[in-house]
Amino acid sequence: MKSPSEPVVIGLDLGGTKILAAVITRDGRILSRAKRKSRPDRGQTAILDRMATTAREAAEYAGISIREVRGVGVGSPGPLDTEKGIVIETPNLPLTQAPIVASLERDLGIPVVLDNDVNVGTLGEKVYGAGQGVDNVVGLFPGTGLGGGIIIDGRLHRGVSMNAGELGHMTINFDGEKCGCGKKGCLEAYASRTAIVKRIQSLLNNGKKGKSPIEEIVNGNWSLCTSGALARALQQGDKAVARALNEAAEALGVGIGSLCNILGPEKIILGGGVIEAVGDALLAKIRKTAKENAFGINIDNVEIVPAALGDDAGIMGAAALIWQALEDDKSLEPRRRPRVVPVVDPIHGERIVIDRAHYTYDVIIAPLGDVIRRSRRLAKEEHGSPGHLTLQETEDILTRFAEKPARLIVGAVKPEGCVDREIEEFLKKKDCALITVSHAEFPLTYRNTPDPKAAVIMLKP
């Protein structure tokens, strides 16, 4: 694998359903992306493993070694202990006291920093999106809940608790609607998508008979009332949806007016699924109400704008997070683990453990120790099964890395016949020795084989 032509980091966005990773330059160019399902049904350890795998795949897709990446920034739902790098708990994922930073640094060997996903999204907008050019920004992101982030003098404001910025839980009505957090009158209880749907249902229950457009769309299943569904109903003239959205916009305006009085920002950035879907219908009302609820000196020059990065806010913000951390914290770089020949544990079943990182798929170990996912497509097409090396992937292994291997070790359930005569002749011409071994023999053989070497481990016959 080649060294990158310029410094890069990885931005990693952990969500309830998916994990996104991207290799990103200092000026915000995305060189590659990787995506995997979060699979919360498999538990905490599996999620941590999948995060590391997604980061490695992003580096592989960029054609670089994970060790050439400067560091990884992670945005995660919380609450978090960012100093310890731990997710304390989160409602949509089975994470409890989850050591995200320690786990990723162990598996990847490079520095990792962690912050709240909405903080990270706000930072992404400030550095690379709608907040460019200003240093004092507030982000509000209505979705299932309502998250927020505060940036003062170009840096995230986390407070003494390191969990400040819960803007969805600012009180706008001291005796108002009950919020999911258990308190009354939170902004989230009026302006999140959950609150909007609840208000629509109330209006319909107390209104005239006959189905409205939104009722036709959801057909009795209100879990289908997504931001996109709200947009479609609004386009069809749904009065209940229009009223609920207008009330949500008014609540946002009240909250923004208070935030302007308290924080004096230069920009308020509105993002999230609701704004992306129906923001055009809300922004005028939000701006008007905000002006009515703030001192003129605190809001007259404040821009209230939609977010610019969309789904990329998380990965871009995570990249900005690690870039800032690398500049500010000189203790990060020593956390980079020196490159060493990886240790392969005894292989049991369909799981490989290399340097304490778990893999549930075939891998290639590069000459400099990087572990890369092996595509089984070619083997299945040519031989009908993945347990057979192909000439094309053999050629690729000998040419894709900065250091050419002098030995190729192939570990397989059934090593007999996993490499054919054509490949043996090819390797001989390239002065690369071939070693085929069983899973039981592989760890010791790999450790004792002199460098430079590459290896392929096939999990299935």
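Rules of the game
Residues numbered from 1 in each chain as written. Predicted model: local features only at pLDDT ≥ 70, side-chain atom pairs only at ≥ 80, totals over all residues. Heavy atoms only, no water. pLDDT = per-residue confidence, 0-100. Helix = DSSP H or I, 4+ residues; strand = E, 2+ residues; numbered from the N terminus. Patch = residues over 30% accessible without salt bridge, like charges linked within 9 Å, V, L, I, M, F, W, Y side chains within 5 Å. Areas by Shrake-Rupley, 256 points an atom, 1.4 Å probe, with all protein chains shown as cover. Salt bridge = Lys/Arg side-chain N within 4 Å of Asp/Glu carboxyl O. Buried < 20%, exposed > 50% of the residue type's maximum accessible area, 1.4 Å probe, protein only. Pairing = 2+ DSSP bridges. Axes fitted to C-alpha atoms, helices over the stretch in contact; angles between N-to-C directions.

Another aspect to go through is the confidence of the model for the protein chain. As a general rule, the predicted coordinates of low-pLDDT regions are not to be interpreted in detail. Counting all residues, the mean pLDDT for the protein chain is 92, and 98% of those residues have values of 70 or more. No element of the protein chain has a lower mean pLDDT than strand β15 (residues 357-359), which averages 83, and none a higher one than strand β12 (residues 267-270), which averages 98.

Side chains of I152, I262 and L263 sit close together on the surface and give an oily, nonpolar patch of about 260 Å² of accessible area. Note that I152 resides in strand β10 (residues 146-152). Here I152 falls in the partly exposed class, since its relative accessible area comes to 35%.

What follows is about the pattern of salt bridges. For the structure on display, the rule yields 24 salt bridges. A salt bridge links R335 to E105; its shortest N-O distance comes to 2.5 Å. Here the residue R335 occupies a position in the loop between α11 (313-328) and β14 (352-354), and E105 occupies one in helix α2 (residues 100-108), the gap between them amounting to 230 residues. Judged by relative accessible area, which is 15%, E105 ranks as buried. Where R158 meets D115, a salt bridge forms, and the shortest distance between an N and an O atom there is 2.5 Å. On the criterion of sequence distance, the pair formed by R158 in the loop between β11 (155-156) and α4 (188-191) and D115 in strand β8 (residues 112-116) is long-range, its members being 43 residues apart. Of the residues examined, D115 reaches a relative accessible area of 1% and is grouped as buried. Salt bridges here are not isolated pairs; linked through shared partners, they connect D362, R374, R376 and E393.

Ordered by their spatial adjacency, 5 strands build an open sheet running β17-β16-β20-β18-β19, and the pairing between neighbours is mixed. Among the strands making up the open sheet, the edge pair consists of β17 (371-373) and β19 (433-438). The average undirected angle you get between the axes of adjacent strands in this sheet is 20°. Bridge analysis of strand β18 (residues 407-412) against β19 gives 6 bridges, and the strand direction is parallel. Counted as the bridge partner of I409 is I435 from β19.

The residue after G78, namely P79, is reached through a cis peptide bond having omega 15°. On the secondary structure map, P79 appears in the loop between β4 (72-76) and β5 (80-81). Residue D451 is joined to P452 through a cis peptide bond whose omega torsion reads -5°. Along the polypeptide, P452 turns up in the loop between α15 (442-448) and β20 (453-457). Not every positive phi belongs to a glycine, and D153 is a case in point at roughly 50°.

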